[in-house]
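Observations on the model geometry
Chain by chain, the residues run as shown.
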Amino acid sequence: MYKNFVEEILDGLALCESVSSVCRGWPKSFEKLPCVAVSEAANSTAAFIGDKPYINIAEYYVKIFTEKATDGDRAAVEIDETMRKLGFTLTFAYEDDNPEIRQKIMRYETSY
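Here is a short report on the structure shown in this document. These numbers were taken from a predicted model, which means no experiment stands behind them. (Residues numbered from 1 in each chain as written. Predicted model: local features only at pLDDT ≥ 70, side-chain atom pairs only at ≥ 80, totals over all residues. Heavy atoms only, no water.)

**With respect to the pattern of salt bridges**
- Considering all chains together, one arrives at seven salt bridges under this definition.
- A salt bridge links Asp71 to Arg74, with the shortest nitrogen-to-oxygen separation between them at 2.6 Å. Taken together, the residues Asp71 and Arg74, both in helix α2 (residues 69–85) and three residues apart, mark about one turn of the helix.
- Ionic pairing is found between Arg102 and Asp97, a salt bridge with its closest N-O pair at 2.8 Å.
- Classification of Arg102 by relative accessible area gives partly exposed; the value is 23%.
- Salt bridges sharing partners connect three or more residues here, namely Asp73, Glu95, Asp97, Arg102 and Lys104. (Salt bridge = Lys/Arg side-chain N within 4 Å of Asp/Glu carboxyl O. Helix = DSSP H or I, 4+ residues; strand = E, 2+ residues; numbered from the N terminus. Buried < 20%, exposed > 50% of the residue type's maximum accessible area, 1.4 Å probe, protein only.)

Here it is, written out as C-alpha cells:
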C-alpha cells in the first residue's frame, strides 16, 4: 500500500528555526535562505506475505540551499533531529559546491 509522507515532512521542517522556507520540489525563489526542498526519491514494497505487501520503504531527498556552508551545516543538524522524530533515518548526505548557491543534499528513508 502506497503512502506519501511529504506533507508530514514539510510540516515538521517548517518548525525548524534554522530554516527560512520549505517547499515541495524545486524552490521557486532563493530570496529567503536557508530554504529547504523536499521530494520523494523512491517508494516501493520491500517484502510480501503471500501476494500482499508487508514492508514498504519510502525515501526522500531533503535539499538545503544556503549562501554559506556553515548555514547549511547548522540547518542540517536541526533537520536531522526533526526527521528522526518523524521516524526517518539518514542514509547519506553530500554537498554541491555550486558557486552561486550552496546545496546540502540529504536522503532519508523509513519503512511502513
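More follows now that the structure is in view.
**Concerning the side chain of Thr82**
- With respect to the secondary-structure elements, Thr82 resides in helix α2.
- If we skip the residues at most four places from it in the chain, Thr82 touches Gly12, Leu13 and Cys16. (Contact = heavy atoms within 4.5 Å.)

**What to know about the packing of aromatic side chains**
- Scanning the model with the defined rule gives eight aromatic pairs in all.
- Pairwise contacts between aromatic rings join Phe5, Tyr60, Phe88 and Tyr112 into one cluster.
- Geometry around Tyr61 places Lys63 over its ring, the cationic atom sitting 5.7 Å from the centre. (Phe/Tyr/Trp six-rings, centres within 6.5 Å; stacked < 30°, edge-to-face > 60°. Lys NZ or Arg CZ within 6 Å of the ring centre and 35° of its normal.)

**Some remarks on the pairing of strand β2 (residues 35–49)**
- Both strand β1 (residues 21–24) and β2 contribute to a ladder of four bridges, which runs parallel. Looking across to β2, one finds that Val22 is bridged to Val36.
- Pairing between β2 and strand β3 (residues 52–66): 13 bridges, direction antiparallel. Each residue of the ladder has a partner; that of Ala47, found in β3, is Ile55.
- Between the end of β2 and the start of β3, which pair antiparallel, lie two residues, with Gly50 showing a positive phi angle near 65°. (Pairing = 2+ DSSP bridges.)

**Some details on the packing of helix α1 (residues 6–13) against α2**
- α2 packs onto α1 with a crossing angle of 135° between their chain directions and a minimal axis gap of 10 Å. Taken together, α1 and α2 sit at an angle that is classed as oblique. For α1 against α2, the interelement crossing comes out right-handed. Residue-level inspection shows Ile9, Gly12 and Leu13 of α1 in contact with α2, the latter providing Ile79, Thr82 and Met83.
- Residues that form the contact of α1 with α2 fall into these classes: four nonpolar, two polar and no charged. (Axes fitted to C-alpha atoms, helices over the stretch in contact; angles between N-to-C directions. Parallel < 35°, antiparallel > 145°, perpendicular 65-115°, else oblique. Left-handed = near helix turned anticlockwise from the far one by under 90°. Nonpolar A, V, L, I, M, F, W, Y, C, P; charged D, E, K, R; others polar.)

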